[in-house]
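Summary of the model geometry
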Amino acid sequence: MCECPYNITTTIPEVFLLKGLSLVQDWAVWLSIPLAMMYLVSCLANSTLAAVIISERSLHKPMFIHIFVLALVDLSLSCSVIPKVLEILWFDSMTITAEACLIQMFCFYHMQGSELYIFTLMSYDRFVAICQPLRYHSMITNSLTIQSLVFIITWNLFLICPIPYLTTRLLYCQSNIVLNALCELLSVTNLACGDKTPNNIYMNFLVCINSLTGFILVAVSYILILRVVLRIGSSEARKKAFSTCIPHLIVMIFFHISSLFSFFLYLFGSHVPLHVQVMTSVMNTLLPPLLNPIVYGIRMKKIRQGLKKLSGRI
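These figures come from a predicted structure and were not determined experimentally. All residue numbers here refer to positions counted from 1 along the written sequence of the relevant chain. Restriction of local features to residues with pLDDT of at least 70 applies here, the model being predicted, together with a cutoff of 80 or more for giving and counting side-chain atom pairs; totals for whole chains, interfaces and linings are based on all residues. Only hydrogens and water are set aside when side-chain values are computed; all heavy atoms of the structure are taken into account.

Considerations on the packing of aromatic side chains
Two rings belonging to Phe, Tyr or Trp (six-membered ring only in the last case) form a pair when the distance between their centres is within 6.5 Å. Interplanar angles under 30 degrees mark stacking, angles over 60 mark edge-to-face geometry, and anything in between is tilted. Overall, the coordinates contain six aromatic pairs when judged by the stated rule. Between the aromatic rings of W90 and F91, the centroid separation amounts to 6.4 Å while the plane-to-plane angle is 75°, which identifies the pairing as edge-to-face. For F91, a relative accessible area of 63% gives the class exposed. Each residue is assigned to one of three classes by its accessible area relative to the maximum for its type, calculated with a 1.4 Å probe on protein chains only: buried under 20%, partly exposed between the two thresholds, exposed over 50%.

In structure tokens, the structure reads:
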């Protein structure tokens, strides 16, 4: 039942106020400094990583194509959220139009979902490379890699498109105060009156399709990889395989768990302080773009060599 029968508007508010960081305004400047530095470093790192892969022909291979697309997705993910967060912290500018809010919501979920699918493809790539090395080049080709990436991004686009529509079809109360620093679906739909069942059902469906399924597939792939690695006779080869796979697995698990944690925190975290919930959502858009270039870039010898060549040309 609607809690505000005399204050319902049939349309989405023209503007929203993002007040999730209102409790930290006294130390907003100090909070903005590490956030801004992390944002700049992630943008520079992902841009450099993408430029290295484009410029170096020896890196035009399936594994590096995955990393290239992942860098672009990370850039888009952080750029869709962090500039507005910094604007709130620096200028106390909490206002965001409904159109901008829906675009941010769409970009946020589309990039997060795309990253989950890319991690799944990368785990399969590593599975074939380690478990079936003799068949790798016949099974994993550039053409297949590009087709797979186009498919998952298109498929995820299809899944995310209903989110803005379901948000606009709700009946809204007079309040336009969003208790978040970004336009997450649950934060915006909390302002609505009446039946939100379709939105909740679809959000749960997305979590199951994207997060849980992706997490299970990644986990299965790396369990099979670890089984094969443990059977390797050479300790040097085993050490090399572990040093490659374990950081990848940690980053993938971290991203999956943090995405699920943020979702369940907003569903069941009524006793968790608001600023903790908000900062969890913000960090989900900052930490993966910051960590991925390190794990998939700096640690890889071919990427470091490509970076030296690119630096020499510049």
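Comments concerning a nonpolar patch on the surface
A cluster of nonpolar residues, W27, V29, W30, I33 and M37, forms a patch on the protein surface that exposes about 600 Å² of accessible area. Take V29: it is sitting in helix 1 (residues 28-55). Patch definition: residues above 30% relative accessible area lacking any salt bridge, with like charges linked at up to 9 Å and the nonpolar side chains Val, Leu, Ile, Met, Phe, Trp and Tyr linked at up to 5 Å. Here, Shrake-Rupley sampling with a 1.4 Å probe gives the accessible areas, and only protein chains in the shown set may cover a residue. The term salt bridge refers to a side-chain nitrogen of Lys or Arg lying within 4 Å of a carboxyl oxygen of Asp or Glu. Where helices and strands are cited, they refer to DSSP runs of H or I of at least four residues and of E of at least two residues respectively, numbered from the N terminus.

Concerning the sheet that holds strand 3 (residues 95-97)
Within a sheet, each strand pairs with its neighbour through backbone hydrogen bonds, oriented either parallel or antiparallel. Here the rule is simple: two strands pair whenever DSSP picks up at least two bridges between them. Judged by pairing direction, the sheet is mixed, and its three strands sit side by side in the order 3-2-5 without closing on themselves. Either end of the sheet is taken by a strand with one partner, and the two such strands are strand 3 and strand 5 (177-178). For strand 2 (residues 15-18) and strand 3, the ladder comprises three bridges, and the chain directions are antiparallel. Bridge pairing in strand 3 places V15 opposite T97. With respect to the sheet, helix 4 (residues 98-131) is in contact with strand 2 and strand 3, its orientation differing from that of strand 3 by roughly 85°. What makes two residues a contact is simply this: any of their non-hydrogen atoms within 4.5 Å. Comment: axis = line fitted to C-alpha atoms, over the contacting stretch for helices; angle = value between 0 and 180 degrees taken between N-to-C directions.

Let's talk about the state of the cysteines
Defined by distance alone, a disulfide is two cysteine sulfur atoms within 2.5 Å. If you walk through the whole model with that rule in mind, you get two disulfides. Shown here is the disulfide that connects C101 with C183, its sulfur atoms set 2.0 Å apart. As the torsion about the S-S bond is roughly -120°, the C101-C183 disulfide counts as left-handed. In this pair, C101 is assigned in helix 4 and C183 in the loop between strand 5 and helix 8 (185-189), connecting sequence segments 82 residues apart. C101 gets classed as buried once you look at its relative accessible area, which sits at 0%. Judged by its relative accessible area of 1%, C183 falls in the buried class. Free cysteine C107: the closest other cysteine sulfur is in C79, separated by 10 Å. With a relative accessible area of 23%, C107 lands in the partly exposed category.

Focus: a positive patch on the surface
Asp and Glu count as negative and Lys and Arg as positive, but His and the ends of the chain are not part of the count. A single reference atom marks each charge: NZ on Lys, CZ on Arg, CG on Asp, CD on Glu. Residues K240, R299, K301, R304 and K308 make up a contiguous surface patch of positive charge. No other element matches the three residues that helix 13 (residues 301-313) contributes to the positive patch. With respect to the secondary-structure elements, R304 resides in helix 13.

Structural notes on the confidence of the model for the protein
As a note on interpretation, predicted positions should not be read in detail where pLDDT is low. In this model, the protein carries a mean pLDDT of 85, and residues with pLDDT of at least 70 account for 92%. Residue-level confidence of the predictor is what pLDDT reports, using numbers from 0 through 100. Least confident of the elements in the protein is strand 1 (residues 8-9), whose mean pLDDT is 56; most confident is strand 3, at 95.

Focus: the packing of helix 2 (residues 62-79) against helix 12 (residues 287-298)
Contact geometry of helix 2 with helix 12 gives a least axis separation of 9 Å together with a crossing angle of 160°. Relative to helix 12, the element helix 2 lies roughly antiparallel. Between helix 2 and helix 12 lies a crossing whose hand is left-handed. From helix 2, I67, L70, D74 and S78 reach across to helix 12, where they touch P288, P289, N292 and Y296. Any residue outside Ala, Val, Leu, Ile, Met, Phe, Trp, Tyr, Cys, Pro, Asp, Glu, Lys and Arg is labelled polar, Gly included; the first ten of those are nonpolar and the last four are charged. Tallied by class, residues from the contact of helix 2 with helix 12 come to five nonpolar, two polar and one charged. Put simply, angles under 35 degrees are roughly parallel, angles over 145 are roughly antiparallel, angles from 65 to 115 are roughly perpendicular, and the rest are oblique. Should the near helix be turned anticlockwise from the far one by less than a right angle, the crossing is left-handed, and should it be turned clockwise, the crossing is right-handed.

Points about the nonpolar core
We define the nonpolar core as a collection of buried residues of types Ala, Val, Leu, Ile, Met, Phe, Trp, Tyr and Cys that are connected through side-chain atoms lying within 4.5 Å of one another. Ranked by internal contacts, the top residues of the largest apolar core, which has 91 residues, are F16, L21, L35, I67 and Y296. Beyond its immediate sequence surroundings of up to four residues, Y296 is in contact with I67, L70, F119, M122, H248, V251, M252 and I303.

Section: unusual backbone geometry
One non-glycine residue, D92, lies in positive phi territory at about 55°. In this structure, D92 sits in the loop between helix 3 (82-91) and strand 3. With relative accessibility at 45%, the residue D92 sits in the partly exposed group.

Topic: helix 9 (residues 197-230)
What a helix should span is 1.5 Å times the count of its residues minus one. For helix 9, which comprises 34 residues, the first-to-last C-alpha distance of 48 Å matches the rise-based estimate of 50 Å (1.5 Å per residue) to within 8%. By definition, a residue's bend is the angle between the axes fitted to the seven residues ending there and the seven starting there. By the largest-angle criterion, C208 marks the main kink of helix 9, which is about 30°.

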